[in-house]
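Descriptive structure summary
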Amino acid sequence: MQNPILRLLILFIILSHGVNGQNIDNVTSLREIGSDKGIRFYYDNDFFTAQDYYYTQGINLEFQSPGLKNNPLNFLLVKGSSLQRVYGLSIEHNVFTPSSIRHDEILYGDHPFSAFLLFKSYVRSYDSKSGSVVSSSISLGFIGPAAFGKEMQTSIHTWLENLLPLGWDHQIRNDFLLNYQLNYERMIIKVPGKFHFAGVGTVNAGTLRDDVAAGLQIKSGKFYETSDKKSTIFLFGKSTLNCNFYNSTLSGGIFNKKSEYVLSSEEINLFKVQHTLGINIKIRKVVLEYFQSYVSKEFISGLNHRFGAVSIGYCF
């Protein structure tokens with residue numbers, strides 16, 4: 001095999017399966033739809049990987065348009081120096097469960113039942129000269145029964161004629177969420193329209209989660225450097241090392257300390273490894289995507305976890 005870029009791609013794919021991600025990430029450039037105007041629906045579920053625990057489901061609906069430039073929340077976001085920007089809004093719903101949903105009692109040492117609902121504003125700024133991307137988002141929402149995680153999972157299991165989930169009465173209690181995310185990507189190797197290999201760093205701060213991450217991401221196939229309506233297809237992958245300081249879905253909310261069961265800081269791992277591998281296909285104005293994510297165990301008595309995701313988008 002003489003092509004060094006192809007070798008690098010294959011190596012990255014192999015490494016991405018080495019450790020058995022979570023939460024929909026609108027700010028990464030891997031999520032772009034090839035246009036600054038469009039709408040997209042995501043659906044994450046561990047059903048795609050024949051599992052039913054931890055991060056069990058995520059739903060996201062996003063809308064992006066140059067008209068959102070005047071969104072008053074944008075003054076809080078880091079936009080970078082580039083004039084090439086994408087502005088977006090999204091609504092996100094995530095559900096988490098322990099390793100078994102067949103018990104009414106608390107499963108100590110396991111993941112708490114939890115769900116949250118977020119409203120997010122984000123912006124991505126592209127610098128074509130340096131190959132860097134600066135992205136940021138601000139999220140507002142709540143965690144707890146008000147997010148209807150129990151009702152969502154029960155309805156889906158009823159519809160699929162599966163075992164109804166037990167244990168939701170012990171879920172993390174209602175609390176307010178405010179989170180800020182900053183993401184920076186820097187190109188390392190670039191073959192225009194065919195191959196991107198970049199370093200990436202991310203910081204999350206707020207009442208949803210506090211963490212930092214660093215890693216690598218890759219994109220290989222046929223794509224375009226700027227917004228374009230033409231058809232594209234590419235593989236993508238991302239691997240990060242995450243340092244976790246706080247996660248409300250494990251430790252409960254910042255303000256409401258009345259949750260019946262949460263994990264203590266001593267039970268939660270400081271580091272985790274996260275990998276994602278997928279494919280993106282754009283046919284004219286329609287964008288289809290499938291990926292699988294893997295995450296090493298987040299708490300000492302936990303398990304490695306993986307889930308799959310599909311999305312469909314439409315560019316205006």
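Residues numbered from 1 in each chain as written. Predicted model: local features only at pLDDT ≥ 70, side-chain atom pairs only at ≥ 80, totals over all residues. Heavy atoms only, no water.

Let's talk about the overall build of the protein
Within the protein, the secondary structure is distributed over three helices and twelve strands. Counting the 316 residues in the protein, one finds 53% classified as buried. Surface summary for the protein: the accessible area is close to 14,500 Å², and the carbon and sulfur share equals 65%. (Helix = DSSP H or I, 4+ residues; strand = E, 2+ residues; numbered from the N terminus. Buried < 20%, exposed > 50% of the residue type's maximum accessible area, 1.4 Å probe, protein only. Areas by Shrake-Rupley, 256 points an atom, 1.4 Å probe, with all protein chains shown as cover.)

Side note on helix α2 (residues 149–159)
Along α2, the residues that are buried comprise Gly149, Gln153, Ile156 and His157. Take α2 and look down its axis: the buried residues cluster within an arc of 95°, on one side only. Check the buried side of α2 and you find it contacts β1 (38–45), β2 (54–64), β3 (84–97) and β4 (114–127). Just past α2, the residue Glu161 takes up positive phi, approximately 60°. (Arc of directions from axis to C-beta. Contact = heavy atoms within 4.5 Å.)

Some points on the pairing of strand β9 (residues 232–247)
Both faces of the sheet carry side chains from a regular strand, because those side chains alternate between them. Summarising burial for β9: twelve of the 16 residues are buried, a large majority. Relative to strand β10 (residues 271–283), β9 is paired through twelve bridges, and the arrangement is antiparallel. Within β10, the residue paired with Leu235 across the bridge is Ile279. (Pairing = 2+ DSSP bridges.)

Here we look at the nonpolar core
Formed by 15 residues in total, the largest nonpolar core has its most connected members in Phe116, Leu118, Ile143, Leu177, Leu208, Phe236 and Phe291. Every element with two or more residues in this core is listed here: β4, β9 and β12 (305–315). What Leu118 contacts, discounting residues up to four positions off in sequence, is Ser90, Ile91, Glu92, Ser139, Leu140, Gly141, Leu177 and Leu208. Of all hydrophobic cores here, the second largest spans eight residues; its members include Tyr53, Ile106, Tyr261 and Leu263. (Core = buried A, V, L, I, M, F, W, Y, C linked by side-chain atoms within 4.5 Å.)

Focus: the pairing of strand β7 (residues 195–206)
Across twelve bridges, the pairing between strand β6 (residues 175–191) and β7 is antiparallel. Within β7, the position partnered with Lys190 by the bridge is His196. Between β6 and β7, which follow one another and run antiparallel, lie three residues, and Gly193 among them has a positive phi close to 75°. Hairpin connection between β7 and strand β8 (residues 209–222): a loop of two residues separates the two successive antiparallel strands.

Some remarks on the packing of aromatic side chains
For the structure on display, the rule yields eleven aromatic pairs. Relative to Tyr261, the ring of Tyr108 has its centre 5.4 Å away and its plane inclined at 80°; by these criteria the two rings are edge-to-face. Taken together, the positions of Tyr108 in the loop between β3 and β4 and Tyr261 in the loop between α3 (248–251) and β10 put the pair 153 residues apart, joining distant regions of the chain. Just above the ring of Phe223 sits the side chain of Lys219; from NZ or CZ to the centre is 4.5 Å. Stacked on the ring of Phe234, the Lys or Arg Lys219 has its end atom at 4.7 Å from the ring centre. (Phe/Tyr/Trp six-rings, centres within 6.5 Å; stacked < 30°, edge-to-face > 60°. Lys NZ or Arg CZ within 6 Å of the ring centre and 35° of its normal.)

Details of the sheet that holds β7
The strand order β1-β2-β3-β4-β5-β6-β7-β8-β9-β10-β11-β12 describes a closed barrel built from twelve strands, whose pairing is antiparallel. Neighbouring strand axes in the sheet, compared pairwise and without regard to direction, differ in orientation by 20° on average. (Axes fitted to C-alpha atoms, helices over the stretch in contact; angles between N-to-C directions.)

Observations regarding a nonpolar patch on the surface
Nonpolar side chains collect at one region of the surface, where Ile39, Phe41, Leu61, Phe63, Ile91, Phe119, Val286, Leu288, Ile312, Tyr314 and Phe316 lie side by side and expose about 910 Å² of accessible area between them. Looking at the nonpolar patch, the elements with two or more residues in it are β1, β2, β11 (286–295) and β12. Looking at the element boundaries, Ile312 is found in strand β12. (Patch = residues over 30% accessible without salt bridge, like charges linked within 9 Å, V, L, I, M, F, W, Y side chains within 5 Å. Salt bridge = Lys/Arg side-chain N within 4 Å of Asp/Glu carboxyl O.)

Concerning the side chain of Lys120
Within the element layout of this structure, Lys120 appears in strand β4. A polar atom in the side chain of Lys120 sits 3.4 Å from the side chain of Glu92. (Polar contact = N/O pair within 3.5 Å; in protein donor to acceptor, adjacent residues only side chain to side chain.)

Comments concerning the pattern of salt bridges
Tallying each qualifying case throughout the model produces six salt bridges. Between Asp211 and Arg209 there is a salt bridge, with its nearest N and O atoms 3.2 Å apart. Exposure class is identical for Asp211 and Arg209. Each is buried. Each member of the salt-bridge network shares a partner with another, and the members are Arg40, Glu62 and Glu289.

Considerations on the environment of Gln292
Positionally, Gln292 belongs in strand β11. The exposure class assigned to Gln292 is buried, which follows from its relative accessible area of 16%. Taking the C-alpha atoms as reference, Gln292 lies 9.6 Å from Ile279; in sequence the two are 13 residues apart. Looking at Gln292, its side chain comes within polar contact range of the side chain of Tyr290, at 3.0 Å.

As for the side chain of Asn204
Residue placement: Asn204 occurs in strand β7. We classify Asn204 as buried; its relative accessible area is 7%. Look past the residues within four positions of Asn204 in its chain and what remains in contact with it is Asn179, Tyr180, Gln181, Arg209, Asp210 and Asp211.

Some remarks on the confidence of the model for the protein
Here the protein averages 87 in pLDDT, while 87% of its residues score no lower than 70. Across the protein, α3 holds the top mean pLDDT of 97, while helix α1 (residues 4–16) sits lowest at 42. (pLDDT = per-residue confidence, 0-100.)

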